[in-house]
Every structure is written in C-alpha cells, then in structure tokens.
Amino acid sequence: MEHEYKKKSVYEKHYTKDDLSKTVEKYLSFLKFGKTERKCVEYTVRAAEAAGFTAFEDGKKYNPGDKVYLINRGKAVCFVIFGKQPMTAGVHIAAAHIDSPRLDLKVNPVSEESGLLLLKTHYYGGIKKYQWTALPLALEGIVIRKDGTAVDLRREDLTFCVTDLLPHLAGDQMKKTLAEGVEGEDLRVLAGSEPVKDGDKDSVKANVLRLLYEEFGIEEDDLQCAELTMVPKLEPALIGFDKSMVGAYGQDDRVCAFTAFEGLLDVTETPEKTAMVFLVDKEEVGSDGVTGMQGRFFERALRRLSGGADLLTICAASRCLSADVNAALDPIYPNVLDKQNACEMGFGPCITKYTGARGKSSTSDASAETMFYFIKKMREADVTFQTGELGKVDVGGGGTIAKYMANRDIDTVDIGVGLLSMHAPFEIASVADVYETRRAMHAFLK
Ligand code: MN
Ligand code: MN
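In this numbering scheme, every chain counts its residues from 1 along its sequence in written order. Naming scheme: in the order in which they are written, chains are lettered from A and ligands are numbered from 1. Residue-level local features of this predicted model are given only where pLDDT is at least 70; pairs of side-chain atoms are given and counted only at 80 or more, and the full residue set underlies all totals for whole chains, interfaces and linings. Excluding hydrogens and water, the side-chain values take into account all heavy atoms of the structure.

Chemist: Would you mind showing me how to read the coordination of the manganese ion (ligand 2) here?
Modeler: Six octahedral donors around a metal ideally sit at 90 or 180 degrees from one another, while four tetrahedral donors ideally sit at 109.5 degrees. Nitrogen, oxygen and sulfur within 2.8 Å of a metal are treated as its donors, or within 3.2 Å for sodium, potassium and calcium (Na, K, Ca); water is not counted, so a site can appear incomplete. Only D252 (OD), E284 (OE), E284 (OE) and H423 (NE2) from the protein reach the manganese ion (ligand 2) as donors, at distances of 2.1 to 2.5 Å. The motif formed by the donor residues of the manganese ion (ligand 2), counted along the single chain, is D-x31-E-x138-H. A separation of 3.4 Å is found between the manganese ion (ligand 2) and the manganese ion (ligand 1), which share D252 as a coordinating residue. Of this pair, D252 sits in helix 6 (residues 251–265) while E284 sits in the loop between strand 15 (274–280) and helix 7 (297–305), placing them 32 residues apart in sequence. Across the pair, E284 and D252 agree in class, each one buried. The secondary structure listing takes helices from DSSP runs of H or I that are at least 4 residues long and strands from runs of E that are at least 2 residues long, numbered from the N terminus. Only protein chains enter the area calculation, which uses a 1.4 Å probe; residues under 20% of their type maximum are buried, those over 50% are exposed, and those in between are partly exposed.

Chemist: Is there a simple way to think about unusual backbone geometry in this case?
Modeler: Excluding glycine, residues mostly have negative phi values, and the peptide bonds linking residues are mostly trans. The peptide bond linking D252 to D253 adopts the cis configuration, its omega dihedral lying at 10°. Residue position: D253 is located in helix 6. Of note, the phi angle at R73 is positive, near 55°, even though the residue is not glycine. Here R73 lies in the loop between strand 2 (67–72) and strand 3 (76–81). Unlike most non-glycine residues, S114 shows phi in positive territory, near 50°. Within the secondary structure, S114 sits in the loop between strand 5 (102–113) and strand 6 (116–124). For S114, a relative accessible area of 81% gives the class exposed.

Chemist: What is the right way to read the side chain of R154 from this model?
Modeler: In this structure, R154 sits in the loop between strand 8 (150–152) and helix 3 (171–175). A relative accessible area of 16% places R154 in the buried class. Within polar-contact distance, the side chain of R154 engages the backbone oxygen of F33 at 2.7 Å. Throughout, a residue-residue contact means that at least one pair of heavy atoms, one from each residue, lies within 4.5 Å. Aside from chain neighbours lying at most four places away, what touches R154 is F33, K35, K39, L139, E140 and G141. A 3.5 Å cut-off defines polar contacts: any pair of N or O atoms within that distance qualifies, except that in protein one atom must be a possible hydrogen donor and the other a possible acceptor, and neighbouring residues in sequence count only when both atoms are side-chain atoms.

Chemist: Is there a simple way to explain the coordination of the manganese ion (ligand 1) in this structure?
Modeler: Listed as protein donors to the manganese ion (ligand 1) are H97 (NE2), D252 (OD), D324 (OD) and D324 (OD); their distances from the metal cover 2.1 to 2.6 Å. In terms of primary sequence, the donors binding the manganese ion (ligand 1) are separated according to H-x154-D-x71-D. Using a relative accessible area of 1% as the deciding quantity, one classes H97 as buried. The class for D252 is buried, based on a relative accessible area of 3%.

Chemist: Help me out: how do you make sense of the domain arrangement of the protein chain in this one?
Modeler: Where the parts come together, the accessible area they lose is often given as the size of the interface. Each domain's extent is set by a domain assignment, obtained either automatically or from a database. Examined at the domain level, the protein chain breaks down into domain 1 (10–100 + 249–445) and domain 2 (102–232). The gap between the C-alpha centroids of domain 1 and domain 2 is 33 Å. The interface of domain 1 with domain 2 comprises 18 residues on the first partner and 15 residues on the second. Around 1400 Å² of area is buried between domain 1 and domain 2 when both sides are counted, 50% of it from carbon and sulfur atoms. Summed over both partners, buried area is the accessible surface (1.4 Å probe) that two parts give up on being assembled. The largest share of the area that domain 1 buries against domain 2 comes from R38, Y249 and P425, three residues that together contribute 33% of it. Only one rule defines a salt bridge in this text: a Lys or Arg side-chain nitrogen within 4 Å of an Asp or Glu carboxyl oxygen. With its nearest N and O atoms 2.5 Å apart, the salt bridge here joins D152 to K39.

Chemist: Would you explain the packing of aromatic side chains in this entry?
Modeler: Two rings belonging to Phe, Tyr or Trp (six-membered ring only in the last case) form a pair when the distance between their centres is within 6.5 Å. Interplanar angles under 30 degrees mark stacking, angles over 60 mark edge-to-face geometry, and anything in between is tilted. Taken as a whole, this structure holds 15 aromatic pairs when the rule is applied. Ring centres of F33 and Y43 lie 6.0 Å apart, and the angle between their planes is 40°; on these two criteria the pair is classed as tilted. Separated by 10 residues along the polypeptide, F33 in helix 1 (residues 17–33) and Y43 in helix 2 (residues 37–50) bring together distant segments of the chain. Take Y43: its relative accessible area is 17%, and that puts it in the buried class. Feature note: the residues Y27, F30, F33, Y43 and F258 constitute an aromatic cluster, connected by ring pairs. Comment: the charge-over-ring label is applied if NZ (Lys) or CZ (Arg) is within 6 Å of the ring centre and within 35 degrees of the ring normal. The ring of F347 carries K7 above its face, with NZ or CZ at 5.7 Å from the centroid. The lysine or arginine in question, R102, covers the ring of Y124, its NZ or CZ lying 3.7 Å from the ring centre.

Chemist: I'm lost on helix 5 (residues 204–216) in this one. Help?
Modeler: Helical geometry: 3.6 residues make up each α-helical turn, so side chains three or four residues apart lie on a common side. Given a rise of 1.5 Å per residue, 13 residues ought to cover 18 Å, and the 18 Å separating the end C-alpha atoms of helix 5 matches this to within 8%. Along helix 5, the positions that sit buried rather than exposed are V204, N207, V208, L212 and F216. All buried residues of helix 5 project into a common sector of 140° when viewed along the axis, lining one side. Those residues of helix 5 that are buried are in contact with strand 5, strand 6, strand 8, strand 9 (189–192), strand 10 (196–198) and strand 11 (201–203). One side-chain oxygen of the residue at the start of helix 5 lies 3.3 Å from the amide nitrogen of K205, identifying that residue as S203. Phi turns positive, to about 70°, at G217, one or two residues after helix 5. The span expected for a helix works out to 1.5 Å for each residue beyond the first. Picture the helix axis, draw a direction to every C-beta atom, and the arc is the one those directions span.

Below you can see the structure in the form of structure tokens.
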C-alpha cells in the first residue's frame with residue numbers, strides 16, 4: 001500500500017547538523033531569556049523590530065508586506081504581515097501561549113519563622129508539587145512602587161529554593177501519595193536567614209526588607225501591587241551524547257511560541273493572506289482574563305488591523321493553527337498512551353485533531369475538511385509531521401486554546417512539539433522536532 005500511514009523520522013531528511021544548530025542556538029537563548037510571558041513579549045518584540053516590524057499605528061495606511069505588532073498589556077503580543085488580499089478574505093493565524101507553570105508569590109508573601117525568611121507561594125498551572133522542592137529557583141516579575149514606577153526584580157545573582165524533608169525523618173511523608181507528600185501551603189520559598197537588630201529583637205525579615213528597599217526601592221506593602229513568581233533556575237541545555245534534545249524550563253509552550261514566531265520571520269515574500277502570530281498568556285489557568293485567549297484583545301486587534309472591517313467576516317474566512325505541545329511517548333511510562341495515536345520524539349510536529357478528556361469533553365475537534373486543509377499544506381511543503389492525541393481515552397487529557405479560536409468561527413486544529421516531562425521544571429524536546437515545527441509554521445503562514 002502506497003499510502004499506508006507510516007510515520008517518517010525527521011532524520012530521514014538530510015539536514016546537516018548546522019541547519020539544526022542554527023535554529024536551536026536561537027531557541028536556547030529565547031528560553032534563557034523568556035522565563036515569563038512578559039519576558040517572552042520583550043524578547044520577541046526586540047527580535048521582530050530587528051526584522052523590520054514596527055508598532056501598529058491606528059489610522060496609518062499599511063500595504064501588503066508591511067510588518068507590524070500589537071502588544072497587550074506587556075503580557076501578550078500579536079505579530080502581523082499584511083497579505084495581498086484584504087483581511088476579510090481570511091487571516092492565517094498561528095497562536096501559542098507564553099505562560100508556563102510556576103510558583104507565584106502570594107499577595108502578602110513575607111513571613112519569618114524560626115529565624116528563616118519564607119515567601120508564601122500559590123502555584124500557577126498544573127504542577128506535581130514534589131518536583132519543586134530542593135531545586136534552585138529564580139525570582140521573576142515586577143513590582144509597582146508607590147510613585148507608579150515599575151521595577152523588574154530579575155537579578156542573575158539571586159537564587160532561592162523550597163526545602164524538602166530529609167529521608168531520615170520522612171517516614172510519614174513517604175507513606176503519602178505523590179499528590180499529598182508536598183502540599184500547596186508547604187511550597188514556601190527560602191529567602192533569608194541573617195538577622196539584624198530591630199528594636200529589642202533580632203529580625204531576619206527587617207534585614208530582607210532593608211535589602212529590598214536598598215536594591216529595588218520597594219517596601220513590604222508594595223508587594224501587593226506586583227506580579228512575582230519563582231521559576232526553576234536551570235540553564236537550558238542540549239541533552240544526550242548526541243545533543244539531539246533540548247532540556248529547559250517552560251518549553252510548554254514556548255517551543256511553539258518560538259517556532260511560530262520564527263516561522264513568521266521566515267516569510268520573505270508578501271503572503272496572499274495576512275499572516276498572524278498570536279502569543280498569549282493564561283493558557284495554563286484556563287485562558288481567562290484580559291491577556292488570555294478568551295479575552296477580547298484578539299477582536300480589538302483584528303478590528304484595528306483591518307481598519308474596522310466586519311470581524312465576523314474575517315473570522316469565518318480565517319484559519320488557525322493552535323500551536324501547543326503534546327505528550328511524547330516515554331518508554332518508561334508507555335502505558336498511558338495508545339502507541340498508534342501517540343506523538344513520538346523526532347517524527348515532527350504532531351497534528352492533534354482533538355484534545356479534551358474522556359468523551360472528548362471540552363475540545364473543538366477539528367473537522368475532516370480542516371484536517372485535510374492543514375495536512376495538504378504540510379504535504380505540499382514536504383513537512384514531516386505525525387498525527388495523534390494526548391493519552392489513552394480514559395487516562396486523562398488536557399486542553400489548549402484551540403477551542404477558544406474555534407468558538408470564534410475560525411477553523412482550527414492543534415499542532416505542536418511532543419515533550420517528555422511536560423510541566424516539570426525541566427522539560428525535554430527533540431531538536432529535530434523544533435526545526436521541523438518551524439518549517440510547518442512557515443508552510444502555513446507564507
Ligand atoms: Mn500548553
Ligand atoms: Mn501546559
């Protein structure tokens with residue numbers, strides 16, 4: 001049978017190590033800088049400006065081929081290359097999220113207990129809590145001071161961690177399930193131990209507050225007007241003797257954000273349809289809010305970009321690749337996946353017809369026609385891809401932003417890179433898949 005479904009390895013294509021390493025070097029520097037959605041916006045806007053994109057201006061006349069961007073509150077961004085056809089003929093959208101699971105600081109985080117300064121956290125997104133103890137952490141985010149100025153708290157020389165119990169005394173803890181062994185309230189971050197005299201008592205907290213004031217000009221109550229978070233302080237690295245994989249924090253979904261963005265930068269000729277890359281916040285917590293995919297910034301951007309054209313007409317004619325990661329087959333845990341419909345490392349981006357859980361609950365489930373459209377595009381551009389779903393039918397599931405695009409009357413399907421250790425502090429992707437996903441995005445956007 002000529003057209004039996006047989007996966008092809010990306011390695012069957014004769015890429016040189018050099019082809020792959022050019023993409024991956026860029027990707028590593030993106031991951032190193034882009035530890036939060038704000039930093040991903042900062043990084044991509046800077047790179048886009050270097051590639052000729054400018055901030056969109058209302059009322060200005062734009063021509064086919066012009067490149068613009070619109071930023072939403074510093075936490076989401078939309079990059080556009082205007083096509084030859086008007087936007088009412090449809091827009092080609094690749095959308096990915098730039099938020100990742102992490103430990104957010106509570107609004108009142110500072111506490112001193114038994115001579116140690118601890119910062120209370122509230123985890124963001126789906127994490128296995130035990131993975132976040134005894135791990136170097138970096139502080140990320142901003143605080144708005146009383147005069148209204150924002151200060152960025154990223155400092156390379158600051159390191160934190162959550163402590164764990166020594167095995168010698170962990171008898172009771174070790175009998176608990178993995179879900180219960182470390183509880184949410186226990187994820188308190190170690191942030192100081194040196195006391196100063198404060199009145200007639202010694203205070204570690206007073207010392208840390210003094211340091212915060214001296215370094216950042218912030219006081220304890222300024223932390224109420226802040227977005228502060230702890231992320232793994234781990235260098236992105238190439239994994240294996242063959243350096244064929246990338247290990248890093250936050251690859252869900254920055255691997256798709258990166259490949260979509262680079263795929264757009266690879267567009268050198270004016271596209272027929274307007275090409276858009278939409279990088280969005282809040283996917284890991286349900287896509288709600290002003291910077292999430294359910295927010296109205298998307299409509300506002302379309303209206304502004306099109307000069308007030310009918311949004312329903314634009315959406316109905318548009319198509320979207322919802323670019324998000326999938327679970328790659330892990331030989332240590334093969335039983336949670338249906339091998340025949342699982343995503344495997346090195347076989348290119350996985351086109352995922354539907355996500356959701358159990359009886360396809362909460363998925364947009366791309367139509368046969370939509371699958372045909374995108375698969376044809378991939379075949380025409382000689383992109384190596386695979387098709388699959390996330391996990392065995394009754395084992396679990398997950399969601400992406402696909403349904404929020406589809407609910408807007410936009411034909412949408414999920415595509416993305418398979419990861420090992422998804423949502424862990426250190427996630428693994430295949431270098432070949434990163435490369436091929438960039439080609440897949442370009443094939444759609446060009
Ligand atoms: Mn994701
Ligand atoms: Mn996720």
